[in-house]
Amino acid sequence: MSITLIRDISDTSSYWGASWVFGCFPDVHIVCDAPIGCYNLLGMAVTDYTDALPHMANLTPTSIREEDVINGTAKALIRTIDDLRTMGMVEGKHLLVISTAESEMISADHAQLIAQIDPNARFFWSQSLEQDEWTGRERALRFAWEQYGKPYVAPHTQPRPRTVNIIGPTLGCFNAPSDLYELKRLITGIGAEINLVYPYEASIATTPKLAEAAVNVVMYREFGRGLAEDLGRPYLFAPFGVFGTTAFLRELGQLLAINPNQVESFIEREKRTTLQPVWDLWRGPQSDWFATVDCAIVAARSYADGLRSFLGDELGMKIAWVSGRPRLEDEPDNIEIRKRLHARAPAFVFGSINEKIYLAEANARGTHFIPATFPGPVVRRTTGTPFMGYAGAANIMQELVNRFYETVINFLPVEPVNAGGAQPKPTTAETMPWTKEATDRLNTALEAIPYLARISASRTLRAAAEQAAKARGLNEVTREIVEAAIAQHSAT
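The structure displayed is predicted, hence computed values, not measured ones.

Calculation rules
- Residues numbered from 1 in each chain as written.
- Predicted model: local features only at pLDDT ≥ 70, side-chain atom pairs only at ≥ 80, totals over all residues.
- Heavy atoms only, no water.
- Helix = DSSP H or I, 4+ residues; strand = E, 2+ residues; numbered from the N terminus.
- Buried < 20%, exposed > 50% of the residue type's maximum accessible area, 1.4 Å probe, protein only.
- Phe/Tyr/Trp six-rings, centres within 6.5 Å; stacked < 30°, edge-to-face > 60°.
- Lys NZ or Arg CZ within 6 Å of the ring centre and 35° of its normal.

Caption draft 1: Inspection of unusual backbone geometry at higher detail. A cis amide bond links Tyr 198 to the next residue, Pro 199, at an omega of 5 degrees. With respect to the helices and strands, Pro 199 occurs in the loop between β6 (193-198) and β7 (215-218). That bond from Arg 325 to Pro 326 is cis: its omega, 0 degrees, falls within 30 degrees of zero. For Pro 326, the position within the fold is in the loop between β10 (318-325) and α14 (334-343). You will see that Ser 63, though not glycine, has its phi angle at about 55 degrees, which is positive. Position of Ser 63 relative to the elements: it lies in the loop between β2 (59-61) and α3 (66-71). Owing to a relative accessible area of 23%, Ser 63 belongs among the partly exposed residues under this scheme. Positive phi, normally seen in glycine, also occurs at Arg 162, with a value near 65 degrees. Secondary-structure assignment places Arg 162 in the loop between α7 (133-149) and β5 (163-167).

Here it is in structure tokens:
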């Protein structure tokens, strides 16, 4: 039997994905059939790692005990629901029980029990043992439509003209507030009307309203498409980049039968306003930088594909490699990602806390890390950091150029102020001969450093080697001296 080692797993289970969908509904109370321990974190502590959500007030664990594992969790579930009723926490709300990996291991299926306790309550078998968070979110959205939406749609309901549902934003989605804000701005900008943002700004009672929209915009490629197909209306995915957003607006306008002149008028206004920074940064003195640097992308599927298209196809940056979530077979896993970042880190890495740690392990100080997915040490709760749409293109370019400037300032020669009055050490050494082996070793070491930081590193390493050679009384720089300079540079 072969054993597959999984390092720093990036995706959570379908239980978490389902909880983040159902947890958006203010008129639902979730009971997760879970033991005391990590599953309680969802209700009691940080919901994701991290978007600074303190807890989910509408989720309560059954706190499975040892006896429940032996005898079944029915008593724990009844006890929990009775307590919630006594405290008035489920009054006027829909009760929803979700299985977890632990309850599934002992086959605790409560569908019939829940129906006896409360005919309006529902049981969701999360399949937490075999499915990931993306599948869990998808199944939860379709479950909500099947149980709370479709049966209550009035017969012969027709879509209202120019109306759009936005499907997908849920708890635990990276950058959701900013990208949702931008998406709504674009849709209403061409004259369309938002019908429902589901489930982020909806309730379970408004679920039947999904049938009233003429077009659905699925915010993420990793989940949400299934619900859009169930609704039976045309659907589009949220756009990234300048060209991608323009194509999205024109296609949306066509699907909604909006006057093309109105759509083009909005696009023209956007070019003079939201997109003005993009043109300015592209035409400015820093424009040559984009084609000289490379980047790697680790993110959820929408962001991985969107960033690859915008950075690679539109800006001309070299894409070293991409790993999306869920990961495709030909994309690197975390073990391979770590290995690649240790061997040679690109100038920019979009990623999670995992990639940030791998860069720190490699002492890759010449690489700029930009958060692009959870889990990560970052909060994205405001509306000012979009990745999607025109505003997203401007924001990402601004972020890149600011990092470019940071790189430049780092290798400008600066004479430090010495409070003790001692003379500062010279920043360069007197030029002296180098052996061929020493030069080759230096060039090899520089190849592993991102392009923009290479100039600074070259000057630093060359000066350190020549100073060391001079201190030893040598007449030339040898490979041994260069090795020592590289080791010292890596350690600092």
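Caption draft 2: Local environment of the packing of aromatic side chains. Applying the stated rule across the entire model yields 21 aromatic pairs. With a centroid separation of 6.5 Å and an interplanar angle of 20 degrees, the aromatic rings of Trp 134 and Phe 223 are classed as stacked. With Trp 134 in helix α7 and Phe 223 in the loop between β7 and α9 (225-231), this residue pair connects regions lying 89 residues apart in the sequence. Centroid distance Phe 240 to Tyr 303: 5.4 Å. Interplanar angle 80 degrees. Geometry classified as edge-to-face. Here Phe 240, found in the loop between β8 (235-237) and α10 (242-255), pairs with Tyr 303, found in helix α13 (residues 301-314); they are 63 residues apart in sequence, far enough to count as distant. Here Tyr 303 falls in the buried class, since its relative accessible area comes to 2%. Linked through ring pairs, Trp 134, Phe 174, Tyr 220, Phe 223, Phe 240, Tyr 303, Phe 374 and Phe 387 together constitute an aromatic cluster. Taking NZ or CZ as reference, Arg 462 lies 4.4 Å from the ring centre of Trp 434, over its face.

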